[in-house]
Structures are given as structure tokens and as C-alpha cells.
Amino acid sequence: MFTDSISSVMMTRAMSASWQRAQLITHNIANQDTPGFMPRRLEFENLLKDEMRRGAVSPTMSRQDRIDRLSNISGRVHIDDRTTMQADGNNVDRDAEHIELARVQLQYQALRDKINGHFNRLSDAISGGR
């Protein structure tokens, strides 16, 4: 079943991270004029890679153990203080935030389309293509 596969877990975790990332970006944009505000970022991909390197999908683990381990991966929010600050201490770059939001939306849509495509194929198989 799709919901019990490693790839489905990874896609749903990536969708969740994309959603959370979009929420953070919109929060950053909303606070672009707040003195002292620093944008929030979500780290997810590196955490997933680290987990994979540590053997999250080790062949010696059971399928369910691998799924459980990957299901527990979530993003980590941190404050981005690497960019140039304005005089009021705010360092939100509105243009960069909008570009990142567009990228995240496209990523989310691609993941959604991939999952929907799978369920459509299952539905076709169940209904015999009718």
C-alpha cells in the first residue's frame, strides 16, 4: 500500500516541511517592517540526509522500523541572522522571501501531484480502467 511505503513517508514528510516552510515565509513577510525581527527558516533536507546516513533505511532494519524512523523526521526552525540588517535591526529581504515562497509552492504542488497520480493509478486499477 502506498501509505505504508518508504517513498510515501518521505513524500508526506517533505510535503509537511514545505507547508511549514511556506507558513514561516509568510510570517517573515508579514513582519518585514517589525523592528528587530529576523526571519525564521526551516531546516529539513539536511536532517533527512543525516538520518539516511545514520541508517534510517538500513537493509538490516524491518520495513516497519524504517517507516517509523522516517515518519519521525520533522523540520527544525531557526532564526536567520546571516543576512544584512536594516537600521532597525530587521533583516527580512521581501524579494528573496517572495522568490523562496514561489519555489516552496512549486515544490509542494509537485509532491501533491506525485501523490495524487499514484492514487489515480490505484483507482484506475481497482475500477478496471472504467
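All values derive from a computational prediction rather than experimental measurement.

About the cut-offs
- Residues numbered from 1 in each chain as written.
- Predicted model: local features only at pLDDT ≥ 70, side-chain atom pairs only at ≥ 80, totals over all residues.
- Heavy atoms only, no water.
- Helix = DSSP H or I, 4+ residues; strand = E, 2+ residues; numbered from the N terminus.
- Rg over C-alpha atoms; globule rule 2.2 N^0.38 Å.
- Buried < 20%, exposed > 50% of the residue type's maximum accessible area, 1.4 Å probe, protein only.
- Contact = heavy atoms within 4.5 Å.
- Areas by Shrake-Rupley, 256 points an atom, 1.4 Å probe, with all protein chains shown as cover.
- Lys, Arg positive; Asp, Glu negative; His and termini not counted.
- Charge placed at Lys NZ, Arg CZ, Asp CG, Glu CD.
- Phe/Tyr/Trp six-rings, centres within 6.5 Å; stacked < 30°, edge-to-face > 60°.
- Salt bridge = Lys/Arg side-chain N within 4 Å of Asp/Glu carboxyl O.

(A) Region of the structure containing the overall build of the chain. When helices and strands are counted, the chain shows four helices and two strands. In sequence order, the chain lays out its α and β elements as α-β-α-α-β-α. Computed over C-alpha atoms, the radius of gyration of the chain comes to 19 Å, more than 25% over the 14 Å expected from 2.2 N^0.38 for 130 residues, which places it beyond the range of a compact globule. Taken along its principal axes, the extent of the C-alpha atoms in the chain is 65 × 40 × 15 Å. Buried positions account for 33% of the 130 residues belonging to the chain. Long-range pairs, those at least 24 residues apart, make up 75% of the contacts in the chain with a sequence separation of at least 6. When the accessible surface of the chain is summed, it comes to about 8,300 Å², and 53% of that surface belongs to carbon and sulfur atoms. The positive charge centre, built from 18 side chains, and the negative charge centre, built from 17, are 7 Å apart in the chain.

(B) Representation of the packing of aromatic side chains. Within this structure, the stated rule accounts for one aromatic pair. Both rings, one in Trp19 and one in Tyr108, keep their centres 6.0 Å apart while their planes meet at 50°; by these two values the pair is tilted. Placement of the pair is Trp19 in helix 1 (residues 6-30) and Tyr108 in helix 4 (residues 94-127), with a sequence separation of 89 residues. The exposure class assigned to Trp19 is exposed, which follows from its relative accessible area of 51%.

(C) View of the pattern of salt bridges. In total, this model carries eight salt bridges according to the counting rule given. Note that Arg69 is salt-bridged to Glu51, the shortest N-O span being 2.5 Å. Note that Arg69 is positioned in helix 3 (residues 63-71) and Glu51 in helix 2 (residues 45-53), a separation of 18 residues in sequence. In this structure Glu51 comes out as buried when scored by relative accessible area, which is 11%.

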